[in-house]
Amino acid sequence: FCLGFAMQHAEAGMISPQLRKRPFFHQIKQASLGIHGIHVQFIGINFLESLVSEFSPSTLSAMGLPREFHDLCRRSLELDYLKVFYCWTRDAALSVADKITESDSAVNEVKVCTAALRLILQILNWEFQCNSNGKKGVNVFSSGIRHDTALSNRTECILVQPGPGWRDILISSGDIAWLLNLYTALRLKCSHEGFSIDCPIAVSARKLILQYCSLTGTIFPSDNGQLQEHHLLQLLSGIIPWMDPPDLVSKQIECGKSESEMLDGCRALLAMATVTSPTMFNQLLKSIRPFGTFTLLSTLMCEVIKVLSTKDPEEETWSWEARDILLDAWTALLMPLDSAGGIVLLPPEGVDAAATLFAYIVESELKAASASAFNDDADSDYLHTSISAMDERLSSYALIGRVAIDVAIPLLTRHCTERFSRLHQGGGSFDPTETLEELYSLLLITGHVLADEGEGETPLVPIAIQRHIADFVEPDKNPVVILCSSIIRFAEQSLNPESRSSYFSPRLMEAIIWFLARWSQTYLMSPEESQDSSYSSKADNRHQVQSTGSWRTVLRYFNEYDHGKTVLDIIIRVAIATFMYYPGEKFLQGLTCYQLLHALVRQKNICVHLVTLESWSKLAIAFANEKMLFMLNGSHQKSLAQTLVLSATGFRDSESANQYVRNLMGHMTTYLVEISSKNDLKRVAEQPDIILSVTCLLERLRGAASASEPRMQKSIYEMGFSILNSTLILLEVYKHESAVIYLLLKFVVEWVEGQITYLEAQETTVVIDYCMRLLQLYSSHNIGKISLSLSSSLLSDAKTEKYKDLRALLQLLSSLCSKDLVDFSSDSLEAHGTSISQVVFYGLHIVTPLISLELLKYPKLCRDYFSLLSHMLEVYPEMVGQLNNEAFSHILETLEFGLHHQDSEVVNMCLRALRALASYHYKETASGKMGLGSHASSLRNPKGELQEGIFSRFLRTTLQLLLFEDYSPDLVGAAADALFPLILCEQGLYQKLGNELIERQANQTFKSRLTIALQSLTSSNQLSCTLDRMNYQRFRKNLTDFLIEVRGLLRIV
């Protein structure tokens, strides 16, 4: 009722100034301050809380009012009332605080204070948008969801940035000191009088304290951080008892005390680490303790890890959460969000604290590994945690280790050397299980410290390593060289049959392969020039010159002229061993295929040497002939084939590269032709061994086809050409084997995609004819159709299988389209009577009836379909007129679906397609031609229902989308490009829709604004009816202005 009263007296979208003259807010103020008693005070604070919540975009109620109204109300509340409400609420809390701390029976006062603290917290959580002048435009595209949670990947840390207008109220008012004193008194009551530290008032107070820790931005003046440091020091002084001394606090928790204070203390450190520099962060504690904040952070984390090591690994306790929060704090200090990859310098105490912590982390990880060695539990979390699952935690450990790299590298070297020696000296006289688990853990930690993940690029030597090994220029004294060489020598011992059987378990080999893959991308034969250019400009020149010589020593030691080729040969022989001596170890072999070997062939400078190695030749020969490698997982065979073919880029001439590929793949193509030529193929085709052989061959052929490069293009074309007829035979024979059909289609897609742009016209004609036959055969056997008589579970499986087939066919058609965009052939396709567009549209005729709206819910299929459709309608709009009504209706239906898709890229592709069709039709009809002909006017769908023409339909849909629905602002440009030609095609309908929109407005002011905006949309900026680049740009600006003006008042919330 009260909110309704306030809304009725609002003017021009803001809280009416007249309300100040009315007793409304005066009564609320008196109630919240307790003038009318404690019960009314509680109600008053709760009313203010509801009011703030109601005016927040993310929690407002649907009231049937324009969105613009809500936005202006929110701005009015922020500028004129939020600080007032804060002061009332603070005063309310102050009015009852003394009675709470001095009395045991202040139940009602506790309720009031808890509500007040909760409201203050809500006010600080407000999404502040106005600067000190209150200037902030209304975001007409906002959905009301907060976007200031950029730190969501870090633990529960949302920055509070209210601006300078709040400085006196939040910083200079003494509120923080009062709040800390209140919580201290509450703690005292809890410790002596049996109250819980997790009671609502205590929890609310702690949350508010944490929120004060997150204050940042212009609320602090430009005074070199003095006021902010004083503010944080005040908070830290009150928070420190929650977690210090860490060992005593953790013992109390283990004895039954609540862990909430400890966790909130960790969160406070995270907040402070996020809003300060490392130097300021460390200085905070030095004012009140003999050590800095880094020392506390290190000691605290050591204690948490100590507690964690005593717990069941599968039981998530408070120490798990505390460890993650503290790791986030280290990450915030060492990788601040605004650092842009630059160097973060820590004070000396911070480096020492990191060194102590890293040493403790390594020790605890080794203890955990050792303890898990004899764990008989089949579901042991430690044993089954994959490398990727541990990656985030290990990356955080690596950041800490790199800060103290002078300590970390020798420490890791000592631990590795000790365990290598233990294995060598033990022989067969002791059980190596514990040592193997420790080595597994050590290799993962070492790999993360020494190198970063590639993520699609060649990772460089970490800057911390570049800077901190400046004094070791001689290779035999360089700590990084010593550590890397010792691990590589140990990996080489896996080639010895006796050593391999003694202690190179599959699990240890996984760690070795993972380490070699990660390490080789950074250090093995790395081009020194690229490393030079990457060095951060933020480093001081003196240190840069010193350290450059050292890390270049590391790279030079492992480059092609020193030990690089020897190391490369060792790596290849170790990789072969994983295939030959560890059968059935899918994860190990997957690491070898996808990470190790793939990382090597990505680098041209390595491929040049790779193809000269005898070990690589042995791998290629084994791949072509060894039965053991035919037993690999299918996807691993594909990856291995791709890797082996890609290595051919290392040959210095194309003839050698092509001959290498022929020798590698010749056996496979011959075998596949032999299988398809069997007289009794239909009888034996269903035999498991034949199906296995066919699937293995197709996976290998897929891998080779996907590795197509200009240098090997000729041999890969020959490889595919030699089996074209065989694939058609197999398609017919295995029409009921969905797995074989899918692999066959994917091979064709990979091969056509890699070859089509390089083929001469005659070769292209052969490929296109083959694709036509493939599509016809696929269609004639109804391979893509789904029987509706299947049960729901079988129907779901069938949809999944057919979705994969249809996606492959769409990719095939898209690959054919690329010939019209990129063509390296010397003659024209038209001279041979071949048209890409006709083939692709024929393919669409076959494929689109099989693509239901249900199947378009598969994201990848959806993207591929609309990508092809958008391309076809943009490049060949004239072909649309040749579609029959059924096919055309299906395309319209899918475009309608795509325009309302949640994926903005799909919406963008649909808008591009509409622009292409509308602009084509407008230009054609303007010159007296038919354009899209009957498709542009009303037509009947397959059900016989009359539908309006395509442009009328999509003019309505596009306007509806732009004015009333949620979408990304990034789509406005594409929408403008589609709407402009649609309006030109249907000018009468546009006028009609505009008039209807105006007439629906009851408010005369809104009516007038909308009328002017609609006129400006099609007339401002000298817009004309010509579809040229300049007019498209003008209409884009007009539409943006139009939406800013009217979208807020048209959207009802």
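Residues numbered from 1 in each chain as written. Predicted model: local features only at pLDDT ≥ 70, side-chain atom pairs only at ≥ 80, totals over all residues. Heavy atoms only, no water.

### Focus on the overall build of the chain
Counting secondary structure elements, the chain contains 48 helices and two strands. In the chain, buried positions account for 55% of the 1053 residues. Residue pairs at least 24 apart in sequence account for 76% of intrachain contacts in the chain once pairs closer than 6 positions are excluded. (Helix = DSSP H or I, 4+ residues; strand = E, 2+ residues; numbered from the N terminus. Buried < 20%, exposed > 50% of the residue type's maximum accessible area, 1.4 Å probe, protein only. Contact = heavy atoms within 4.5 Å.)

### Focus: helix H23 (residues 506–523)
Here H23 spans 25 Å end to end across 18 residues, near enough to the 26 Å set by a 1.5 Å rise per residue. The element H23 is largely enclosed, with a buried count of 17 among its 18 residues. One or two positions beyond H23, positive phi appears at Met525, with a value near 50°. (Expected span 1.5 Å × (residues − 1).)

### Details of the pattern of salt bridges
Scanning all chains against the criterion turns up 39 salt bridges. One salt bridge connects Glu418 with Arg419, and the closest N-O pair in it is separated by 3.4 Å. A salt bridge links Arg419 to Glu438; the shortest N-O distance between them is 2.8 Å. Of the two residues, Arg419 sits in helix H18 (residues 405–426) while Glu438 sits in helix H19 (residues 433–450), which places them 19 residues apart along the sequence. We classify Glu438 as buried; its relative accessible area is 8%. A single salt-bridge network, built from bridges that share partners, covers Asp198, Arg206, Asp264, Arg267 and Glu321. (Salt bridge = Lys/Arg side-chain N within 4 Å of Asp/Glu carboxyl O.)

### A word on the packing of aromatic side chains
To describe a pair of aromatic rings, you give the distance between the ring centres and the angle between the ring planes. One pass over the structure, following the stated rule, counts 18 aromatic pairs. A ring pair is formed by Tyr81 and Phe85, whose centres lie 6.0 Å apart and whose planes are at 40°; its orientation type is tilted. Separated by four residues within a single helix, Tyr81 and Phe85 lie in helix H4 (residues 67–102), roughly one turn from each other. Ring centres 6.4 Å apart and planes at 10° place the aromatic pair Phe490 and Tyr503 in the stacked group. (Phe/Tyr/Trp six-rings, centres within 6.5 Å; stacked < 30°, edge-to-face > 60°.)

### Examining unusual backbone geometry
For the peptide bond that leads from Asp244 to Pro245, omega is 0°, which places it in the cis range. Mapped onto the fold, Pro245 is located in the loop between helix H9 (226–239) and helix H10 (246–254). Residues other than glycine seldom take positive phi values, yet Asn224 does so here, at roughly 60°. Structurally, Asn224 can be placed in the loop between helix H8 (200–213) and H9.

### Section: the side chain of Thr413
With respect to the secondary-structure elements, Thr413 resides in helix H18. What makes Thr413 buried here is its relative accessible area of 13%. Of note is the side chain of Thr413, whose polar atom sits 2.8 Å from the backbone oxygen of Ile409. Residue contacts for Thr413: discarding those within four places in its chain leaves Pro479, Ile482 and Leu483. (Polar contact = N/O pair within 3.5 Å; in protein donor to acceptor, adjacent residues only side chain to side chain.)

### Focus: helix H12 (residues 278–286)
Restricting attention to buried positions, one finds in H12 the residues Pro278, Met280, Phe281, Asn282, Leu284 and Leu285. Looking at the buried residues of H12, the elements they touch are H9, helix H11 (260–275), helix H13 (293–309), helix H14 (318–334) and helix H15 (348–372).

### Here we look at the packing of helix H32 (residues 654–676) against helix H36 (residues 724–733)
One can describe the packing of H32 onto H36 by two numbers: an axis separation of 9 Å at closest approach and a directional angle of 45°. Considering their axes alone, H32 and H36 lie oblique with respect to each other. Between H32 and H36 lies a crossing of left-handed hand. Residues Leu672, Val673 and Ser676 of H32 pack against Ser726, Ile729 and Leu730 of H36. Looking at side-chain class alone, the contact of H32 with H36 contains four nonpolar, two polar and no charged residues. (Axes fitted to C-alpha atoms, helices over the stretch in contact; angles between N-to-C directions. Parallel < 35°, antiparallel > 145°, perpendicular 65-115°, else oblique. Left-handed = near helix turned anticlockwise from the far one by under 90°. Nonpolar A, V, L, I, M, F, W, Y, C, P; charged D, E, K, R; others polar.)

### Quick notes on the environment of Trp88
With respect to the secondary-structure elements, Trp88 resides in helix H4. Of the residues examined, Trp88 reaches a relative accessible area of 11% and is grouped as buried. Once the C-alpha coordinates of Trp88 and Ile28 are considered, the two residues, 60 residues apart in sequence, prove to be 9.5 Å apart. Once you skip the residues sitting within four places of it in the chain, Trp88 turns out to touch Phe25, Ile28, Lys29, Ser32, Leu33 and Leu48.

### Here's the deal with the environment of Phe220
Looking at the secondary structure, you find Phe220 in the loop between H8 and H9. Those residues in contact with Phe220 that sit more than four places away from it in its chain are Arg167, Ile171, Leu215, Leu227, Gln228 and His231.

### Quick look at the confidence of the model for the chain
Confidence along the chain averages 84 in pLDDT terms, with 84% of residues attaining 70 or more. In this model, residues 3–21 is a region of pLDDT below 50 whose contacts with residues beyond four sequence positions or in other chains number 33 contacts. (pLDDT = per-residue confidence, 0-100.)

### Here we look at the side chain of Asn658
Relative to the helices and strands, Asn658 resides in helix H32. A relative accessible area of 5% means that Asn658 is categorised as buried. Contact partners of Asn658, with chain neighbours within four places excluded, come to Arg711, Met712, Gln713, Lys714 and Ser715.

### A closer look at the packing of H23 against helix H27 (residues 586–601)
For the pair H23 and H27, interaxial distance at closest approach is 9 Å and the crossing angle is 15°. One element, H23, and the other, H27, form an angle in the roughly parallel class. For the element pair H23 and H27, the recorded crossing hand is left-handed. Contacts from Pro506, Met509, Glu510, Ile513, Trp514, Leu516, Ala517, Ser520 and Gln521 of H23 reach H27 at Phe587, Leu588, Leu591, Thr592, Gln595, Leu596, Ala599 and Leu600. A class-by-class count of the residues in the contact of H23 with H27 yields 12 nonpolar, four polar and one charged.

### Side note on the nonpolar core
Phe85, Leu170, Tyr212, Leu450, Trp519, Trp616 and Leu1039 are the most contacted members of the largest nonpolar core, which totals 340 residues. The element best represented in this core is H4, accounting for 13 residues. Beyond its immediate sequence surroundings of up to four residues, Tyr212 is in contact with Tyr86, Ile120, Leu124, Leu170, Asp175, Ile176, Leu179, His231 and Leu235. (Core = buried A, V, L, I, M, F, W, Y, C linked by side-chain atoms within 4.5 Å.)

### Comments concerning the environment of Lys311
With respect to the helices, strands and loops of the structure, Lys311 is situated in the loop between H13 and H14. Its relative accessible area of 25% is what places Lys311 among the partly exposed residues. Once you skip the residues sitting within four places of it in the chain, Lys311 turns out to touch Glu254, Thr317 and Ser319.

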